[in-house]
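# Reading the structure
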Amino acid sequence: MTTTLGALRAPHTLISIIGAASALGAPHAGAAAAPAALQDGPLARRLAAIGPCVEWAETLRPTAAEHASTPALDRPGTPAAAARIGNDMTSRIDANAAFARRLADHVAALPDGTFPLVLGGDHAIAAGTWRGVGRRRGRAPGLIWIDAHLDSHTDATTHSGNIHGMPLAALLGVGHEALTGIAGPELAPARTCIIGARAWEPEEQALLAALGVRVFAMDEIRARGLAAVFCDALTIARGDPQAGFGVSLDLDALDPQALPAVTCPEAEGLDPRALADVLLSLRACADFIALEIVEYRPDLDPDHRSADWVAEFACAALGPGTAWLREKERRFGAANYAPLPAVFQRGEGVWLWDTDGRRYLDMMSAYSAVSFGHGHPRLVEALVTQAQRLALTSRAFSSDRLPVFLERLCTTFGYERALPVNTGLEAVETALKAARKWGYKVKGIAPERARILACDGNFHGRSIAIVGLSANDHYRDGFGPFPPGLERVPYGDADALEAAITPDTAAFLVEPIQGEGGIVVPPAGYLSRCAEICRRHDVLLIADEVQTGLGRSGRLLACDHEGVRPDGLVLGKALGGGLLPVSAFLADRRVMDVFGPGDHGSTFGGNPLAAAVGTEVLALLAETRPWERAERLGERLIARLRSTALPCVREVRGRGLLIGLALDPALADAGEVAERLLTRGIATRDTHGNVIRLAPPLVIDEATLDEAASRIVDTLRALAPADAAADVAHMQ
């Protein structure tokens with residue numbers, strides 16, 4: 001089916017931002033400056049960067065007459081202000097109502113196809129926002145009111161005299177006629193709810209109870225979780241799909257320890273990260289028609305931390321959804337990947353979150369690149385600090401970060417030289433070039449005759465040269481002719497290696513454990529025998545530890561399981577801490593010194609940013625010794641999986657936290673199993689030979705790994721034939 005560009009539109013084709021620079025209803029004027037501060041900040045840029053088109057339509061400000069009606073506004077708490085509450089009530093309500101009417105008119109007049117994002121200002125502006133939204137729609141929208149307060153006073157019940165405590169009652173048709181009379185449909189109580197309330201007067205609670213408005217107070221949120229509560233709130237607000245629904249977010253709903261820049265902070269509020277995560281669910285709601293964010297105080301936000309959260313909330317709620325993003329990638333991207341049906345937008349530790357707000361345990365670690373977890377604070381700090389100082393010069397010049405990185409690479413792994421590059425593929429290519437030149441210049445192989453051996457089932461990358469070493473027909477199809485002198489021998493067969501060696505053989509390139517080949521562990525003693533054979537025949541043993549290195553297999557290097565020190569070592573993935581592509585080829589001088597200036601290079605290889613992050617990775621490696629955890633937890637996971645004796649699992653293999661479940665293709669397809677695991681909150685992928693890869697970040701804890709094992713076992717057990725499953729259950 002042909003996809004048109006029109007079908008690729010984001011859910012919100014154009015977001016129109018209206019600033020409502022009014023604090024007429026509040027005890028302090030600070031919130032009136034919010035729209036200007038947010039317009040100068042990153043909010044609109046961040047929204048546009050994730051997909052939607054954004055315009056700042058206008059900013060409304062109180063007129064001189066409206067300001068004149070609130071003389072006590074800038075002197076809250078003074079005896080004069082307190083004395084004026086009764087006298088000023090009517091004039092203040094009139095002033096707020098006048099501003100709200102203008103706001104309603106502007107919201108209602110937005111062109112069709114635009115999505116209103118109203119930024120206040122104090123919460124009194126809501127009386128205008130939602131009447132205007134209702135006029136655009138032709139009926140009252142459902143509304144989720146996120147607030148520490150109920151905002152359901154009237155002029156007869158208010159304790160403070162502040163109008164920002166009245167808008168919800170007015171929207172429901174209760175209160176002073178100046179506020180209730182703003183043109184537009186009244187909210188339906190049955191489709192209105194409040195999330196996060198924790199401070200109110202009895203009169204407000206009684207009014208909402210009488211009307212039938214559902215209040216999700218903080219006690220309930222703490223007991224049930226915000227996600228469950230928000231799901232219920234969506235059900236309420238979406239009671240009339242034709243009417244649509246909106247969200248009004250008063251920032252005092254948040255915990256002031258995390259977001260302090262608000263007008264009326266209340267202790268023990270919502271966690272901002274948890275709120276941003278649940279707001280992601282709005283992306284999938286085609287009937288979500290407007291968003292309002294109010295009560296931001298820029299005067300209380302010198303470090304812009306609260307402003308950043310405002311931008312985060314807006315992006316979470318208004319960004320494009322999963323289906324749109326997947327279609328955009330399919331339409332404009334090359335079809336060299338077939339990703340599973342999830343679109344991730346955030347990672348933390350061992351967890352990933354998708355654009356619908358669902359959380360997943362990362363059991364793949366980006367092929368071992370995220371061994372230290374997503375967003376490790378020390379690595380992020382190293383990245384940010386160096387990026388602010390110097391990121392790139394090219395190797396035409398020296399930097400102050402690279403020498404330290406090179407020294408620590410060499411001392412950590414016991415080599416005399418290191419050559420930094422970007423990706424693992426580049427590091428393998430570097431090793432191949434070094435091996436060939438060493439063969440000609442040191443071993444004395446005749447020109448153009450050097451041979452390099454690799455193994456069946458290998459995966460060293462996908463360059464033209466490297467796929468020439470591959471046994472995978474899919475990797476090779478359509479990319480020949482390949483460079484000569486690249487040959488393969490069976491993996492795990494040391495005798496086959498020795499038989500294949502000739503005087504022209506320069507190097508043997510091998511993975512101590514084959515990752516993409518299906519998590520294949522060779523027979524005991526294989527690697528040490530290969531090392532002995534290579535020494536005897538003057539052939540370089542080059543170990544590709546891009547996936548297995550830095551603790552993944554239960555040792556610092558997988559070669560360490562057999563006490564083997566290869567002549568050349570290829571590192572990558574985890575060396576960049578999951579933040580950057582950082583890789584390297586390591587060898588002693590007898591190999592590395594074949595390179596001279598101009599023989600090999602890379603614009604970005606060894607850049608200061610990569611060197612800074614790589615240095616911090618090596619420091620973490622030395623301090624935390626993650627291979628010890630990988631060995632212990634890997635043994636636990638393998639034992640658990642083997643003990644289940646599931647009929648669809650032919651073999652559980654691996655070392656450390658690099659584990660493969662080889663499935664019986666007659667009972668289970670690994671690709672389908674990976675999709676089923678995704679629905680259970682486990683993010684991983686199938687690999688060669690109908691194998692499920694299990695390789696979580698090395699920082700995973702025992703309880704989380706046990707929970708993952710339970711979900712995996714349950715998923716696989718559901719695939720077993722009924723009689724076999726019954727037999728397994730009986731044995732257990």
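Residues numbered from 1 in each chain as written. Predicted model: local features only at pLDDT ≥ 70, side-chain atom pairs only at ≥ 80, totals over all residues. Heavy atoms only, no water.

### Overview of the overall build of the protein
Stated precisely, the cut-off is as follows: The helix count covers DSSP runs of H or I at least four residues long, the strand count covers runs of E at least two residues long, and both are numbered beginning at the N terminus. A simple rule labels every residue: compare its accessible area, found with a 1.4 Å probe on the protein chains alone, to the largest value its type can have, and call it buried under 20%, exposed over 50%, or partly exposed in between. Note on contacts: a residue pair qualifies if any of its non-hydrogen atoms lie within 4.5 Å across the two residues. Accessible surface area values rest on a Shrake-Rupley calculation with a 1.4 Å probe, where residue burial reflects the displayed protein chains alone.
The secondary structure content of the protein amounts to 27 helices and 23 strands. Its C-alpha atoms give the protein principal-axis dimensions of roughly 100 × 70 × 50 Å. Going through the 732 residues of the protein one by one, you find that 55% of them count as buried. Expressed as a percentage of contacts within the protein between residues at least 6 apart in sequence, the contacts between residues at least 24 apart total 75%. By element, 52% of the accessible surface of the protein is carried by carbon and sulfur atoms, the whole surface being about 29,300 Å².

### Remarks on helix α15 (residues 377–389)
Selection criterion: One less than the number of residues in a helix, times 1.5 Å, gives the span that helix is expected to have. The arc under discussion is defined with respect to the helix axis, by the directions toward the C-beta atoms.
Here α15 contains 13 residues, and its C-alpha end-to-end distance of 18 Å stays within 8% of the 18 Å for a straight helix at 1.5 Å per residue. Buried within α15 are the following residues: L379, A382, L383 and Q386. For α15, the angular spread of the buried residues around the axis is 95 degrees, confining them to a single face. Every exposed residue of α15 that faces more than 90 degrees away from the buried side is listed here: P377, E381 and Q388. Elements that come into contact with the buried residues of α15 comprise α23 (608–624).

### A word on the pairing of strand β3 (residues 114–120)
Here is the rule: Strand pairing follows a simple DSSP-based rule, namely that at least 2 bridges must link the two strands.
With 7 of 7 residues buried, β3 lies mostly within the body of the structure. Burial along β3 is two-sided: T114, P116, V118 and G120 and F115, L117 and L119, pointing in opposite directions, are all buried. As paired strands, strand β1 (residues 14–20) and β3 are joined by 7 bridges and run parallel to one another. Bridging from a neighbouring strand, I15 pairs with F115 of β3. Inspection of the sheet shows β3 paired to strand β8 (residues 288–294) by 3 bridges, in the parallel sense. By the bridge assignment, L117 is partnered in β8 with L291.

### Quick word on the sheet that holds strand β21 (residues 682–683)
Judged by pairing direction, the sheet is mixed, and its 4 strands sit side by side in the order β9-β10-β11-β21 without closing on themselves. Edge positions in the open sheet fall to β9 (344–348) and β21, since each of these has one partner strand only.

### Quick look at the sheet that holds strand β12 (residues 417–421)
Hydrogen bonding along the main chain pairs the strands of a sheet, whether they run parallel or antiparallel. Rule in force here: Helix axes use the C-alpha atoms of the stretch in contact, all axes being lines fitted to C-alpha atoms, and the angles between their N-to-C directions lie in the range 0 to 180 degrees.
Strand order across the open sheet formed by 7 strands is β12-β18-β17-β16-β15-β13-β14, with mixed pairing between neighbours. A strand with exactly one partner marks an edge of an open sheet, and here the two such strands are β12 and β14 (486–489). Sheet twist, expressed as the average angle between the axes of neighbouring strands with direction ignored, equals 20 degrees. Two strands pair when backbone bridges link them, and strand β13 (residues 451–455) and strand β15 (residues 505–510) are joined in this way by 3 bridges, in the parallel orientation. In the strand pairing of β15, L453 is matched with F508. Along the sheet face, helix α21 (residues 526–536) touches β13, β15 and β16 (540–544) and points at about 170 degrees away from the line of β15.

### Structural notes on the packing of aromatic side chains
Filter applied, for reference: Working definition: a ring pair exists when centres of Phe, Tyr or Trp rings (six-membered ring for Trp) sit within 6.5 Å. Plane angles under 30 degrees give stacked, over 60 give edge-to-face, the rest tilted. Charge over a ring is defined by NZ of Lys or CZ of Arg lying within 6 Å of the ring centre and within 35 degrees of the ring normal.
Here the structure, examined in full by the defined rule, presents 6 aromatic pairs. Arranged with centres 5.7 Å apart and planes meeting at 25 degrees, the rings of W309 and F313 form a pair that is stacked. In this pair, W309 and F313 both sit in helix α12 (residues 305–318), 4 residues apart, roughly one turn of the helix. When sorted by exposure, W309 lands in the same class as F313, which is buried. The side chain of R346 reaches across the aromatic face of W353, ending 3.8 Å from its centre.

### A closer look at the environment of R625
Here R625 lies in the loop between α23 and α24 (626–644). Residue class for R625 comes out partly exposed when judged on its relative accessible area of 39%.

### Section: the pattern of salt bridges
Oppositely charged side chains can pair when the atoms bearing their charge come close. Where we set the bar: Any carboxyl oxygen of Asp or Glu within 4 Å of a side-chain nitrogen of Lys or Arg constitutes a salt bridge here.
Tallied over the full model, the rule gives 41 salt bridges. When the shortest N-O distance is used, the salt bridge between R346 and E348 registers 3.0 Å. The exposure class of R346 is buried, given its relative accessible area of 13%. By relative accessible area, which is 46% here, E348 ends up partly exposed. The salt bridge partner of R358 is D354, with a shortest N-O separation of 3.3 Å.

### Thoughts on the confidence of the model for the protein
To keep things clear, this is the line we draw: pLDDT is a per-residue confidence score from the predictor, ranging from 0 to 100.
Summarising the model, the protein shows a mean pLDDT of 92, and 94% of its residues fall at 70 or more. Below pLDDT 50 for its whole length, residues 72–86 participates in 16 contacts with residues either more than four positions away or in separate chains. Confidence drops under pLDDT 50 across residues 723–732; counting only partners more than four residues distant or on other chains, this segment forms 8 contacts.

### Thoughts on the pairing of strand β19 (residues 649–655)
Side-chain direction in a regular strand flips from residue to residue, so the side chains alternate between the two faces of the sheet. Taken together, the 6 bridges between β19 and strand β20 (residues 658–663) define a ladder with antiparallel strand orientation. Bridge pairing in β20 links R655 to L658. Between β19 and β20, which pair antiparallel in sequence order, lie 2 residues; one of them, G656, sits at a positive phi of approximately 60 degrees.

### With respect to the nonpolar core
Going by this rule: Put simply, buried Ala, Val, Leu, Ile, Met, Phe, Trp, Tyr and Cys residues joined by side-chain atoms within 4.5 Å make one nonpolar core.
Within the largest apolar cluster, 55 residues are counted, with the highest numbers of intra-cluster contacts made by I144, I146, I195, L251, L275, F288 and F313. Ranked by residues supplied to this core, first place goes to α12 with 10 residues. Formed by 41 residues, the second largest nonpolar core is a distinct cluster that contains Y360, L641, A683 and V713.

### Quick word on the side chain of R552
Spelled out, the test is: Counting rule for charge: Lys and Arg are taken as positive, Asp and Glu as negative, and neither His nor the chain ends is counted. Polar contacts, as used here, are pairs of N or O atoms within 3.5 Å; protein pairs need one atom able to donate a hydrogen and one able to accept it. Residues neighboring in sequence count only if both atoms are side-chain atoms.
Mapped onto the elements, R552 comes out in the loop between β16 and β17 (568–571). Here R552 occupies a buried position and makes no salt bridge, while the nearest side chain of opposite charge, D362, is found at 8.3 Å. A distance of 2.7 Å separates the side chain of R552 from the backbone oxygen of L657, its partner in a polar contact.

### As for the packing of helix α11 (residues 272–279) against α12
Going by this rule: Here the word oblique covers every angle except those under 35 degrees (roughly parallel), over 145 (roughly antiparallel) and from 65 to 115 (roughly perpendicular). Rotating anticlockwise by less than a right angle from the far helix to the near helix defines a left-handed crossing, while the corresponding clockwise rotation defines a right-handed one.
Two elements in contact, α11 and α12, have axes whose closest approach is 7 Å; the angle formed by their N-to-C orientations is 20 degrees. Compared by their axis directions, α11 and α12 come out roughly parallel. In the crossing of α11 with α12, the sense of the turn from one axis to the other is right-handed. On α12, the residues that touch P272, R273, L275, A276 and L279 of α11 are W309, E312, F313, A316 and A317.

### A few points about α24
Taking 1.5 Å of rise per residue, 19 residues should cover 27 Å, and α24 covers 27 Å from first to last C-alpha, within 8% of that figure. Along α24, the positions that sit buried rather than exposed are P626, W627, A630, L633, G634, L637, I638, L641 and T644. One face of α24 carries all of its buried residues, which in axial projection span an arc of 140 degrees. Across α24 from its buried face, at more than 90 degrees, point the exposed residues E635 and R642. Positioned one or two residues after α24, A645 has a phi angle of 50 degrees, which is positive.

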